[in-house]
Amino acid sequence: MAMLITDVEVVGLRVPAPDRPNEWGEDGVVVRVHTDEGLVGVGETDSSPEVIRALIEAPYSHSTCMGLREALVGTNPLHIRQRWQEMYDATNYVGRRGAGIHAMSAIDIALWDIAGQYHEVPVYELLGGRFHESLPAYGTFIPVRSPADNAARAVTLKERGLRAAKFGGAEFGFDIEADGETIARVREAVGPDFDLMIDLVGRWGTHALASKAIERYEDYRLAWVEEPLPPDDHAGYARLSEHSRVAIAGGEALTTRYEFASFLSAAKPHVVQPDITRCGGITEMVRIADLAAMQGVRLVPHGFSTGILNAATIHFLVSRPEADLMEMSQSDSPLFTSLVVDPVTTQEGRVAPPDGSGLGVVLDDNTLDNYRIF
Ligand code: MG
């Protein structure tokens, strides 16, 4: 008898808002896929907990507009590509992009976790084995107002052995001159032998402003400029990529191989950044990575969430010959630092996948109890 899925449980988490800039990890959503053999797979998506709950728990509307739980219960969790396609088809009207794919991503990651536990191997073995024991990491932090404090933060990362740092969000991206002072102070503090990246979260808005800012920052030798423009401005991206001397990065907001195929061909980024918890999970990330590799585009996954995301990302990355860098959030949100017992961490600037079966993550019951909202 085949193993069957018995339930898809959605766990919403929220940390009371602290007195600081937002975007540090206030909420989270975890899914647990249960089976009749007692194996439980864990996944997450970096998305809105309430929206994800609705997409998973919604009752049957019609055959192309189903809740994901109903589409999955009673099916074999080990046939992951079949499950992926069925979820995609069952949510044709409400899914296919955006939050529908976010919800599928969380479930897909949980299915890979179940398969690894069932076969008693780490997920990277299921992906065909690993090309890397570990990979270098870069640290991402949300900047504060004081350029000196941001410089100190970057120096700490360098001293911990990381090879690069990125900052963006909060007040950053609205004032080219003030931001330039911050970048200058950080560059001066870390010296020349350290990569720096900035993240604009689309805030420059227009090609004209973005090209002016990039020119203004040319002396700081940024390793990439991330999301200088909104994700749908492919023409703007393409003009920047073609004419700027700095690498242009983007893609964290995109879902499915279809959106990435368009982005790669029309926006022509130098670095593409799918988020494994949003783009369609591990299954879709592999397809996207094949597209990027075929076009010679560097893929460095986006990752700014819990230890579940970090584990899924590093299992995927070590299975890719071309992988060369992993993002590690430096946020101190308890959801990021403490949701998982024994989280993936940076050791001498590098990250290695857990050795256990599946994703190799165990949720921390105290953290769940403290912040669970549903
Ligand atoms: Mg970003």
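See above for the structure.
Residues numbered from 1 in each chain as written. Predicted model: local features only at pLDDT ≥ 70, side-chain atom pairs only at ≥ 80, totals over all residues. Heavy atoms only, no water.

Draft legend 1. Seen up close, the coordination of the magnesium ion. Bound to the magnesium ion are the protein donor atoms Asp 199 (OD), Glu 226 (OE) and Glu 252 (OE), situated 2.0 to 2.1 Å from the metal. When the donor residues of the magnesium ion are listed from N- to C-terminus, their spacing reads D-x26-E-x25-E. Here Glu 226 is found in strand E7 (residues 224-226), whereas its partner Glu 252 is found in the loop between strand E8 (248-250) and helix H10 (256-267), with 26 residues between them in sequence. (Donors = N, O, S within 2.8 Å, 3.2 Å for Na, K, Ca; no water. Helix = DSSP H or I, 4+ residues; strand = E, 2+ residues; numbered from the N terminus.)

Draft legend 2. Examining the sheet that holds strand E3 (residues 40-45) more closely. Spatial strand order, E1-E2-E3: three strands in an open sheet with antiparallel pairing. Of all the strands in the sheet, the pair left with one neighbour each is strand E1 (5-14) and E3. Taking each pair of neighbouring strands and ignoring which way they run, the sheet shows an average axis angle of 20°. Sheet topology note: the strand E2 (residues 27-35)/E3 ladder contains six bridges and is antiparallel. Paired with Val 29 across the bridge in E3 is Thr 45. (Pairing = 2+ DSSP bridges. Axes fitted to C-alpha atoms, helices over the stretch in contact; angles between N-to-C directions.)

Draft legend 3. Inspection of the packing of helix H7 (residues 176-190) against helix H8 (residues 207-216) at higher detail. Close contact between H7 and H8 brings their axes to 10 Å; oriented N to C, the two are set at 35°. Where H7 crosses over H8, the two elements pack in a sense that is right-handed. In contact with Ile 176, Glu 177 and Gly 180 of H7, H8 contributes Leu 209, Ala 213 and Arg 216. Per-class residue counts for the contact of H7 with H8 are three nonpolar, one polar and two charged. (Left-handed = near helix turned anticlockwise from the far one by under 90°. Contact = heavy atoms within 4.5 Å. Nonpolar A, V, L, I, M, F, W, Y, C, P; charged D, E, K, R; others polar.)

Draft legend 4. Region of interest: the packing of aromatic side chains. Tallied over the full model, the rule gives nine aromatic pairs. On the basis of an interplanar angle of 75° and a centroid distance of 5.3 Å, the ring pair of Tyr 237 and Phe 263 is categorised as edge-to-face. On the criterion of sequence distance, the pair formed by Tyr 237 in helix H9 (residues 234-243) and Phe 263 in helix H10 is long-range, its members being 26 residues apart. Where Phe 304 meets Phe 336, the ring centres are 5.5 Å apart and the plane angle is 90°; that geometry is what we call edge-to-face. Of this pair, Phe 304 sits in the loop between strand E10 (298-299) and helix H12 (307-318) while Phe 336 sits in helix H13 (residues 334-338), placing them 32 residues apart in sequence. Overall, the relative accessible area of 11% leaves Phe 336 in the buried class. (Phe/Tyr/Trp six-rings, centres within 6.5 Å; stacked < 30°, edge-to-face > 60°. Buried < 20%, exposed > 50% of the residue type's maximum accessible area, 1.4 Å probe, protein only.)

Draft legend 5. Structural context of the nonpolar core. By size, the foremost hydrophobic cluster in this structure holds 108 residues, and its most contacted members are Ile 56, Ile 107, Ile 198, Trp 204, Tyr 217, Ile 282 and Ile 308. No other element matches helix H4 (residues 98-119), which puts 11 residues into this core. Among all residues touching Ile 107, those that are not within four sequence positions of it are Val 8, Val 31, Val 33, Ile 56, Leu 68, Leu 72 and Met 87. With eight residues, the next largest nonpolar core counts Ala 164, Ala 249, Val 300 and Leu 325 among its residues. (Core = buried A, V, L, I, M, F, W, Y, C linked by side-chain atoms within 4.5 Å.)

Draft legend 6. Focus on the environment of Ala 238. Its place among the elements puts Ala 238 in helix H9. When its relative accessible area of 13% is taken as the criterion, Ala 238 is described as buried. Sequence spacing of Ala 238 and Arg 187 is 51 residues, and the spatial spacing of their C-alpha atoms is 27 Å.

Draft legend 7. Focus on the pairing of E3. Within E3, five of the six residues are buried, which leaves it mostly tucked inside the rest of the structure. Connecting E2 to the next strand, E3, in antiparallel fashion are four residues, including Gly 38 with a positive phi near 90°.

Draft legend 8. Representation of H12. Taking 1.5 Å per residue as the helical rise, H12 with its 12 residues ought to reach 16 Å, and the 16 Å between its terminal C-alpha atoms agrees with that figure. Where H12 is concerned, the buried positions are Gly 307, Ile 308, Leu 309, Asn 310, Ala 311, Ala 312, Thr 313, Ile 314, His 315, Phe 316, Leu 317 and Val 318. Two or three places before Ile 308, at the opening of H12, Thr 306 has a side-chain oxygen 3.0 Å from that residue's backbone nitrogen. (Expected span 1.5 Å × (residues − 1). Polar contact = N/O pair within 3.5 Å; in protein donor to acceptor, adjacent residues only side chain to side chain.)

Draft legend 9. Local environment of the pattern of salt bridges. Counted according to the given criterion, the structure contains 21 salt bridges. The shortest N-O distance in the salt bridge between Glu 133 and Arg 130 comes to 3.6 Å. For Arg 130, a relative accessible area of 28% puts it in the partly exposed group. Each of Asp 46, Glu 252, Asp 275 and Arg 278 takes part in salt bridges that share partners, so that together they form one network. (Salt bridge = Lys/Arg side-chain N within 4 Å of Asp/Glu carboxyl O.)

Note that all results are geometric; they support no functional claim without further evidence.
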